[in-house]
Amino acid sequence: MSDFKQSITLAITGASGVQYALRLMEVLLAQDIRVLLMVSKAAQVVAATETTLKLPSTASAQQVYFTDLFAAKAGQIKVFAKEQWMAPVASGSGSPNTMVICPCSTGTLSAIAVGASNNLIERAADVVLKERKKLILVPREAPYSEIHLENMLKLTRMGAVILPASPGFYHQPESIADLIDFVVARILSQIGLEQNLLKVWGSEYLNTQESKE
C-alpha cells in the first residue's frame, strides 16, 4: 500500500514554460502526492535556457536532483527514462488516473494525436487515453497553426483536456510567480485537487445571505 495520497504522472517536454511544471511539482509534493516524472531531452535544453537549473542527463540522477530540490520524501518522486518500457506508466494496469504534460510541445501534441508512442511520454499519454483516464495537456505556443489546432481538437474529442499556458490578469498579478500560479491553479482544478494559489471566482459571495443586484 502506498504511503502517499495518490500518484500523478507528470511529463515535461520541450516547449517554453518549464517554470509551470516546476511549480506544479512543488505543489503536488506538498500535498503528499507521488509524482511519476519524465523529462524529455528538449525539456532539459529549455530548462537550461529559461532557468538557472542544471538538470542531470540521466533519469536516476534527475530523481536525486528533484528529490533534493523540493525536499521530497523518499520515493515520492520517481523519474523514468524515455525508453524505460517496464515503468508503470507504460501499462493500463499500472498507470495513475491522471497525467499532465506541462509544458506540452506541439511535437508531443502531434505524436499523441496520432498514437506514435515513440517514447515513454507518448506511450504514457496513449495509455491514459485508451484507459479513459484524465490527460491534461498544457501547450505553450503562439500563434497556433492549423495543424496545432486540428491536433488539439482531435485530442479534445478523445477526452483529453487542452489547457493552454495562458495566464489571466483579473486577479491583478504583481509578479511572474503570480502568473505561473494562475496556470498551475487551473491545472490543479482539472486534476480535482484543492488549491489556494488563486482566489476562486465569486467566492466572496458564497457565504453571504443574499446577492446584491
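Everything below is about the structure shown above.
Residues numbered from 1 in each chain as written. Predicted model: local features only at pLDDT ≥ 70, side-chain atom pairs only at ≥ 80, totals over all residues. Heavy atoms only, no water.

The subject of this paragraph is the pattern of salt bridges. Under the defined criterion, the tally for this structure stands at five salt bridges. Put simply, R123 and D126 hold a salt bridge, and the shortest N to O gap is 3.4 Å. Separated by three residues within a single helix, R123 and D126 lie in helix α5 (residues 120-130), roughly one turn from each other. Given a relative accessible area of 25%, R123 falls into the partly exposed group. (Salt bridge = Lys/Arg side-chain N within 4 Å of Asp/Glu carboxyl O. Helix = DSSP H or I, 4+ residues; strand = E, 2+ residues; numbered from the N terminus. Buried < 20%, exposed > 50% of the residue type's maximum accessible area, 1.4 Å probe, protein only.)

This next bit is on the pairing of strand β4 (residues 98-104). Two faces make up the sheet, and in a regular strand the side chains alternate between them. A large share of β4 lies buried, amounting to seven of its seven residues. Neither face of β4 is exposed, since T98, V100, C102 and C104 on one face and M99, I101 and P103 on the opposite face are all buried. Of the pairings in the sheet, the one linking β4 to strand β5 (residues 134-139) comprises five bridges and is parallel in character. If you follow I101 over to β5, its bridge partner there is L137. (Pairing = 2+ DSSP bridges.)

Moving on, we get to the sheet that holds β5. Read from one edge to the other, the open sheet built from six strands follows the order β3-β2-β1-β4-β5-β6, with strand pairing classed as parallel. Strands with a single pairing partner mark the edges of an open sheet, and in this sheet they are β3 (77-79) and β6 (161-162). Here three bridges tie strand β1 (residues 7-12) to β4, and the two strands are oriented parallel to one another. Residue pairing across strands places L10 opposite V100, the latter belonging to β4. Sheet strands touched by helix α4 (residues 106-113): β4, β5 and β6. Its angle to β4, the strand with the most contacts, is close to 140°. (Contact = heavy atoms within 4.5 Å. Axes fitted to C-alpha atoms, helices over the stretch in contact; angles between N-to-C directions.)

The analysis is restricted to geometry; functional conclusions fall outside its scope.
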